[in-house]
Amino acid sequence: MFKIDFLGIGSGKSGSTWFFDNLVKHPEICSANPKEINFFSDLFDRGMDWYASNFNGCAENLLKGEFSVTYMYNDQAAKRIHDQFPDAKLIAIIRDPITRTYSDYWHYIRKGDIPKSTSFMDYIGDEKKLRFGNYADNLQPFFDLFPADQIKVIVL
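Here is what the cut-offs are and how they apply
- Along every chain, residues carry numbers that run from 1 in the direction the sequence is written.
- For this predicted model, a pLDDT threshold of at least 70 governs which residues receive local features, and a threshold of 80 or more governs which side-chain atom pairs are given and counted, while totals over whole chains, interfaces and linings are taken from all residues.
- Remark: hydrogens and water are excluded; side-chain values derive from all non-hydrogen atoms of the structure.
- Throughout, nonpolar core names a set of buried Ala, Val, Leu, Ile, Met, Phe, Trp, Tyr and Cys residues whose side chains join them through atoms within 4.5 Å.
- Only protein chains enter the calculation, and the probe is 1.4 Å; a residue is then buried if its accessible area is under 20% of its type maximum, exposed if over 50%, and partly exposed in between.
- Where helices and strands are cited, they refer to DSSP runs of H or I of at least four residues and of E of at least two residues respectively, numbered from the N terminus.
- Two residues qualify as a contact provided that any one of their heavy atoms is within 4.5 Å of a heavy atom in the partner residue.
- Throughout this description, the term salt bridge denotes a Lys or Arg side-chain nitrogen within 4 Å of a carboxyl oxygen of Asp or Glu.
- Note: two strands are recorded as paired if DSSP finds a minimum of 2 bridges between them.
- Here an angle of 0 to 180 degrees is reported between the N-to-C directions of two axes, which are lines fitted to C-alpha atoms, with helices fitted over the stretch in contact.
- The scheme is simple: roughly parallel for angles under 35 degrees, roughly antiparallel for over 145, roughly perpendicular for 65 to 115, oblique for anything else.
- Take the far helix as the reference: if the near one is turned anticlockwise from it by less than a right angle, the crossing is left-handed, and if turned clockwise, right-handed.

**Student:** Sorry if this is basic, but what is going on with the nonpolar core here?
**Tutor:** Buried together is how nonpolar side chains tend to be arranged in soluble globular proteins. Grouped together as the largest cluster of nonpolar side chains are 26 residues, with contacts concentrated most on Leu7, Ile9, Phe40, Tyr51, Tyr71, Ile81 and Phe142. Among the elements of the structure, strand S1 (6–10), helix H3 (77–84), strand S3 (89–94) and helix H6 (135–145) are those that each provide at least two residues to this core. Other than its neighbours up to four places away in sequence, isoleucine 9 contacts Ser68, Val69, Tyr71, Met72, Ile81, Leu90, Ile91, Ala92, Leu139 and Phe142. By size, the runner-up hydrophobic cluster in this structure holds 9 residues, among which are Phe19, Val24, Ile29 and Ile91.

Put into structure tokens, the structure is as follows:
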């Protein structure tokens, strides 16, 4: 039966790519683990067979997992993960919420999603932009379902 050993659940702009790239270098962890599948947040309707197919390059004896920073912010992700993999270890990578939001601001400018003329003050005027740094509320659904010893919060 297919199982996931670990899931990175967030947060974006907090070093999750760096952490994941280093994690999969460990000899007991599959280096073919995918990143940013967003299955439990955005693609759940594709089904578990599709999800499992993303790990076809992983040998049975190696630990399997993935990081999708959208999980921390999706209302259904914690329950979906718990229903499928109640024993999975969860990793939440966070950083100072102001620094995270400022990094997000520059990311959106680089991508062209907001005009270069947008000030940081205007950017954070949209309160939706600030919710990503509200870690306590965003992590609570996971702590409601999983034992605390299965959740590792790393502050980078």
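**Student:** Even after reading the chapter, I still don't get the pattern of salt bridges, so can you show me in this structure?
**Tutor:** Applying the stated rule across the entire model yields 6 salt bridges. Of the charged contacts, one joins lysine 3 and aspartate 5 as a salt bridge, the two residues approaching to 2.9 Å between their closest N and O atoms. What makes lysine 3 partly exposed here is its relative accessible area of 48%. We classify aspartate 5 as buried; its relative accessible area is 15%.

**Student:** I'm lost on the pairing of S3 in this one. Help?
**Tutor:** Two faces, one strand: in a regular strand the side chains alternate between the faces of the sheet. Here S3 lies mainly inside the structure; 5 of its 6 residues are buried. Looking at chain direction, S1 and S3 are connected through 4 bridges and run parallel. By the bridge assignment, glycine 8 is partnered in S3 with isoleucine 91. Examined bridge by bridge, S3 and strand S4 (residues 151–155) share 5 bridges and lie parallel to one another. Counterpart to isoleucine 91 in the pairing with S4 is lysine 152.

**Student:** Could you clarify how one ought to interpret the pairing of S1 in this entry?
**Tutor:** The element S1 is largely enclosed, with a buried count of 5 among its 5 residues. Sheet analysis places S1 next to strand S2 (residues 65–67), joined by 3 bridges and oriented parallel. Residue pairing in the sheet places phenylalanine 6 in a bridge with glycine 65 of S2.

**Student:** How should I be thinking about the packing of H3 against H6 in this particular structure?
**Tutor:** Pairs of packed helices are described in terms of their axes, by the angle between the two and the distance that separates them. Two elements in contact, H3 and H6, have axes separated by 9 Å at closest approach and are oriented at 25 degrees. Classified by the angle their axes make, H3 and H6 are roughly parallel. Crossing hand, H3 versus H6: right-handed. Between H3 and H6, the residues in contact are Ala77, Ala78, Lys79, Ile81 and His82 and Pro141, Phe142 and Leu145, respectively.

**Student:** Quick question: what am I supposed to make of the sheet that holds S4 here?
**Tutor:** Across the sheet, which stays open at both edges, the 4 strands sit in the order S2-S1-S3-S4 with parallel pairing between neighbours. A strand with exactly one partner marks an edge of an open sheet, and here the two such strands are S2 and S4. Going from strand to strand, the sheet's axes swing by 20 degrees on average, the running direction of each strand aside. Along the sheet face, H6 touches S1, S3 and S4 and points at about 160 degrees away from the line of S4.

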